[in-house]
Amino acid sequence: MRIRPTEVPAGLVPTRRRVPTASVPVAVDAADPVTHAGLAAGLSRGPGVALTTVSEADVVVAAVRTADNSTLEALRGLPMPPPARIVLVVSDGWCADLTVAAHCGIRAVLWQADAQPRSLIRAALAVAGGEALLPSAVQGELLDQADRLQRNVLLPKGLTPSGLNTREIDVLRLVAQGLDLAEIADTMCYSERNIKKILYGVINRLGLRNRVHAVSYAIRNKLI
């Protein structure tokens, strides 16, 4: 799917707010020297921004022409310290997989036409504070990808987005309710041996310590 900047309403939509209190080290990465100078000049107006090199930055503002998978993968080569947090400025549209974008450390996207000093500074500070800022059309594509993953990959295999199947979640729910293995087996019409196999399969696959840890994991991730 290719999203053109003209298809997207101006502005960004915040998901969570936590503004950093100290100046945030921010660097600019752009192949075009004019674009690089313009972004740096805009960011320099922010009292909460301290311009620095990529290797010392908490946030990198990277400018690309078209956001495709190969372009985003190339950003992984930037020598910035982990965790990578990137504000991507796009001039010619989006046609990348959002899972690739997330893996590459992209936490905000701005169309170049909207990359004014105020929005650049706001995006850099927001990303440093843990927010993710995406134009509405990119958010829509993210939801569409999640829906396709659920329908075409997870559901046919009986899995949920957590990587657990419904049977495993049912077992953890019953453990959380205080039932012992024999009671769970009776409730689910399985043998006690099968219940043990299901439970310990979850524990081993997720690297958990024991049943209590497995239940805690399920509650923390809102699976039960």
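Residues numbered from 1 in each chain as written. Predicted model: local features only at pLDDT ≥ 70, side-chain atom pairs only at ≥ 80, totals over all residues. Heavy atoms only, no water.

Draft legend 1. The arrangement of unusual backbone geometry in detail. Across the junction of Pro-82 and Pro-83, the peptide omega takes the value -5°, indicating a cis bond. Tracing the sequence through the fold places Pro-83 in the loop between α2 (69-74) and β4 (86-90). With a phi angle near 60°, Cys-189 is a residue other than glycine that sits in the positive phi range. Topologically, Cys-189 is positioned in the loop between α7 (181-188) and α8 (192-206). (Helix = DSSP H or I, 4+ residues; strand = E, 2+ residues; numbered from the N terminus.)

Draft legend 2. Structural context of the packing of helix α6 (residues 166-176) against α8. In the contact formed by α6 and α8, the axes pass within 10 Å of each other and the chain directions differ by 100°. Comparing their axes, α8 and α6 come out roughly perpendicular. Between α6, through Arg-167, Glu-168, Val-171, Leu-172 and Val-175, and α8, the contact on the second element is made entirely by Ile-195, Ile-198, Leu-199, Val-202 and Arg-205. Partitioned by chemical class, the residues of the contact of α6 with α8 number 7 nonpolar, no polar and 3 charged. (Axes fitted to C-alpha atoms, helices over the stretch in contact; angles between N-to-C directions. Parallel < 35°, antiparallel > 145°, perpendicular 65-115°, else oblique. Contact = heavy atoms within 4.5 Å. Nonpolar A, V, L, I, M, F, W, Y, C, P; charged D, E, K, R; others polar.)

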